[in-house]
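A look at the structure
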Amino acid sequence: MLNRKLSASILAVLLCVPALSFAAEKIDPVLAQWSHETEVRDKDGDQTVKVKATYYSNEYVEALVASEAEKNLWTADEMENYKYTLLKNLNLGESIPFHIDINVRGVPMYAGPFDKHITMMVGKNKYSPIDYDKRFNFKIQGSRDGMVFFPRYDPKTGKEILDGAKDVRVIFDSAISMAMATRGDVTWVWDLTKDRAKIGGGKAANRLEVDRLLKRNEKLNADREALRKQLEALDKEAGEINTRIDELQSE
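All residue numbers here refer to positions counted from 1 along the written sequence of the relevant chain. Given that this is a predicted model, residues contribute local features only at a pLDDT of at least 70 and side-chain atom pairs are listed and counted only at 80 or more, while totals for whole chains, interfaces and linings are drawn from all residues. Heavy atoms from the whole structure form the basis of all side-chain values; hydrogens and water molecules are not counted.

1. Notes on the overall build of the protein chain
Secondary structure elements are defined from DSSP: runs of H or I of at least 4 residues count as helices, runs of E of at least 2 residues count as strands, and each element is numbered from the N terminus. The helix and strand tally for the protein chain stands at six helices and nine strands. Burial status follows relative accessibility: with a 1.4 Å probe on protein chains alone, a residue under 20% of its type maximum counts as buried, one over 50% as exposed, and anything between as partly exposed. Across the 251 residues of the protein chain, 39% fall into the buried class. Total accessible area on the protein chain is roughly 14,600 Å²; 51% of this is exposed by carbon and sulfur atoms. Computed with a 1.4 Å probe, the accessible areas rest on the Shrake-Rupley method; for each residue, only the protein chains presented here act as cover.

Quick look at the structure:
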């Protein structure tokens, strides 16, 4: 499960790839287009809530890479290490990650259980988070931020949720706070047709693939062991049945 330390590491460790495809003057606009921000206030002005959501699209990640690489002058090895660590923490192979930043002024906001108040929609299908920063469940006054992860594969069909999709939406339930209740549900839409970038390969990607294959191999070995024990149990029961048949036939 995601904890505060992991959430902080995701934000602190920024992905980098050897090929930086963004000119410096184009980085900020690309980063900005993958973030949406909404500010609402309750009718009496007792509570103001500002929420910013950032979708970790491929293009966003690439632009973030370019920005950080330019500032830090990373070597090739440093870039691959950052890439590996971030991709592993974001778990892009199994989840769709968003960064959520909430700022509450005035009356505190009580958003727990947070996963009941935030939904991802792709087409007509709705999905709940598979993991999120549990600090969102506690009283929020001032700033709080963290990661929210939605499933990348549909649990019913097993198909990749974003495959062929034109957009992805995140919906904040109006019941999450008194300020939101005044406005109603907040829906943000990201246009997936603009996500033209692809995460680069390299050593980091290969390391992640090795990790995935090792994990898959562990599961296969565990399944094989479970089947072996099941077969042994069946053989034992069959032997007991045959023994009993012989006993009955010999009487």
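After that view of the structure, there is still more to cover.
2. Re the sheet that holds strand β1 (residues 35–41)
For two strands to count as paired, DSSP must find a minimum of two bridges between them. Read from one edge of the open sheet, five strands run β1-β2-β3-β7-β6, paired in antiparallel fashion. Edge positions in the sheet fall to β1 and β6 (131–132), since each has one partner strand and no second. Note: β1 against strand β2 (residues 47–55), seven bridges, orientation antiparallel. Considered in β2, the bridge of Glu 39 is made with Lys 50.

3. Some words on the pattern of salt bridges
Each reported salt bridge corresponds to a side-chain nitrogen of Lys or Arg within 4 Å of a carboxyl oxygen of Asp or Glu. Applying the stated criterion to the full structure yields 13 salt bridges. Between Asp 133 and Arg 135 there is a salt bridge; the shortest N-O distance is 3.0 Å. With a relative accessible area of 1%, Asp 133 lands in the buried category.

4. Quick notes on the environment of Met 147
Relative to the helices and strands, Met 147 resides in strand β7 (residues 140–151). A relative accessible area of 0% places Met 147 in the buried class. Between the C-alpha atom of Met 147 and that of Pro 97, which follows or precedes it by 50 residues, the distance is 6.8 Å.

5. Regarding the sheet that holds strand β4 (residues 118–122)
Strand order in the open sheet formed by four strands is β5-β4-β8-β9, and the pairing between neighbours is antiparallel. Of all strands in the sheet, those with a lone pairing partner are β5 (125–127) and β9 (186–191), marking the two edges. With strand direction ignored, the average angle separating the axes of adjacent strands in the sheet is 25°. Relative to strand β8 (residues 167–172), β4 is paired through four bridges, and the arrangement is antiparallel. Bridging across to β8, Met 120 finds its partner in Val 170. Helix axes use the C-alpha atoms of the stretch in contact, all axes being lines fitted to C-alpha atoms, and the angles between their N-to-C directions lie in the range 0 to 180 degrees.

6. Remarks on the confidence of the model for the protein chain
pLDDT expresses, on a scale from 0 to 100, how confident the predictor is about each individual residue. Taken over all residues, the pLDDT of the protein chain has a mean of 84, while the share at 70 or more is 87%. By definition in these notes, contact holds between two residues if any of their heavy atoms fall within 4.5 Å. pLDDT under 50 marks residues 8–21. Its contacts with residues more than four places away, or in other chains, come to 45 contacts.

7. Here we look at helix α4 (residues 76–90)
Given 3.6 residues to a turn, an α-helix orients residues that are three or four positions apart in the same direction. Working rule for helices: expected span equals 1.5 Å times residues minus one. For α4, spanning 15 residues, the distance from its first C-alpha to its last is 21 Å, which sits close to the expected 21 Å at 1.5 Å a residue. Two residues or fewer after α4 comes Asn 91, characterised by a positive phi angle close to 55°.

8. Points about the side chain of Asp 195
Position of Asp 195 among the secondary structure elements: in the loop between β9 and α6 (203–250). There is no salt bridge for the buried Asp 195, and the closest opposite charge comes from Arg 152, which lies 7.8 Å off by N-O distance. Under this definition, polar contacts are N or O atom pairs within 3.5 Å; protein pairs additionally need one hydrogen-donor-capable and one acceptor-capable atom, and for neighbouring residues in sequence, both atoms have to be side-chain atoms. Within the structure, Asp 195 has its side chain in polar contact with the backbone nitrogen of Glu 59 (distance 2.8 Å). When neighbours within four sequence positions are excluded, Asp 195 is seen to be in contact with Trp 34, Ser 57, Asn 58 and Glu 59. Under the counting rule used here, the positive set is Lys and Arg, the negative set is Asp and Glu, and His together with the chain ends is not counted.

9. Things to note about the side chain of His 99
Residue position: His 99 is located in strand β3 (residues 95–109). Among the polar contacts listed, one links the side chain of His 99 to the side chain of Asp 145, at a separation of 3.0 Å.

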